[in-house]
Amino acid sequence: MTEVEEIQRSLCARYGVAPMVPEETFKIGVTRGALNGGRPLNGLRHPPDDGTTGWFVWSGTELSEDPNFFKPFHLYHLHEMCPAILPYLALPSGWRFLIADDHEDVWFDAALLTT
């Protein structure tokens, strides 16, 4: 088990959920702002589908409706591009997070499980 996987499993244990570790070759939707270090970082996970993790990550306080807001990246790219989100990515579908320099909020949102 890698160090990242250990951190992910520990975070899931803290919230009392079974980890749902995504495949490194699966895709995640991320905004350029998140990749460029924007804060706060927000993430939400829908059920995975067809080679995707179900995760969408953005920075700032607004979630845009622009269809080009998120860019697809393979998860393995995020180890270098956006390592701050890695601890949260084993949270199962329906979970969200918000992280800022001195703040962390993690919660379940059942609405993410409906299509």
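See above for the structure.
Read on for an overview of the structure. (Residues numbered from 1 in each chain as written. Predicted model: local features only at pLDDT ≥ 70, side-chain atom pairs only at ≥ 80, totals over all residues. Heavy atoms only, no water.)

Quick notes on the sheet that holds strand S2 (residues 41-45)
Condition: Whether two strands pair depends on DSSP finding at least two bridges between them. Going along the chain from the N terminus, every DSSP run of H or I of four or more residues is numbered as a helix, and every run of E of two or more is numbered as a strand. Fitted lines through C-alpha atoms serve as axes, helices being fitted only where they are in contact, and the angles separating the N-to-C directions of these axes extend from 0 to 180 degrees.
Read from one edge to the other, the open sheet built from six strands follows the order S4-S1-S3-S2-S5-S6, with strand pairing classed as mixed. Both edges of this open sheet fall to strand S4 (71-74) and strand S6 (103-108), since each of them pairs with a single strand only. Averaged over all pairs of adjacent strands, the angle between their axes in this sheet comes to 20°, without regard to strand direction. Sheet topology places strand S1 (residues 27-30) next to strand S3 (residues 52-59); three bridges connect them, and they run parallel. What sits directly across from Val30, in S3, is Val57.

Some words on the side chain of Thr31
Our working definition: Any pair of residues with heavy atoms lying within 4.5 Å of one another is described as a contacting pair.
By the element assignment, Thr31 lies in the loop between S1 and helix H2 (32-35). Not counting residues up to four positions away in its chain, the partners in contact with Thr31 are Val57, Trp58, Ser59, Phe69 and Phe70.

Structural notes on the nonpolar core
Note the threshold: Side-chain atoms within 4.5 Å link the members of a nonpolar core, which is a set of buried Ala, Val, Leu, Ile, Met, Phe, Trp, Tyr and Cys residues. The buried label goes to any residue with under 20% of its type's maximum accessible area, the exposed label to any with over 50%, and the partly exposed label to all in between, with areas taken from a 1.4 Å probe on protein chains only.
One finds Ile28, Leu78, Ile85, Leu91 and Phe97 to be the most contacted residues of the largest nonpolar core, which totals 24 residues. Looking at this core, the elements that each hand over two or more residues are helix H1 (3-14), S1, H2, S3 and strand S5 (95-100). Element by element, the count of residues in this core is highest for S5, at three residues.

Focus: the state of the cysteines
Disulfide: a covalent bond connecting the sulfur atoms of a pair of cysteines. As a reminder of what qualifies: Note on terminology: pairs of cysteine sulfur atoms within 2.5 Å are recorded as disulfides.
Evaluated as defined, the whole model comprises zero disulfides. Cys82 supplies the cysteine sulfur nearest to Cys12, a cysteine that is in no disulfide, at a spacing of 18 Å. Owing to a relative accessible area of 0%, Cys12 belongs among the buried residues under this scheme.

Brief notes about the environment of Glu24
Here Glu24 shows up in the loop between H1 and S1. Classification of Glu24 as partly exposed rests on a relative accessible area of 35%. As a C-alpha pair, Glu24 and Asp66 span 42 residues in sequence and 26 Å in three-dimensional space. In this structure Glu24 touches His74, Leu75, Tyr76 and His79, once residues within four positions along its chain are discounted.

Remember that the coordinates give geometry; whether it matters functionally is a separate question.
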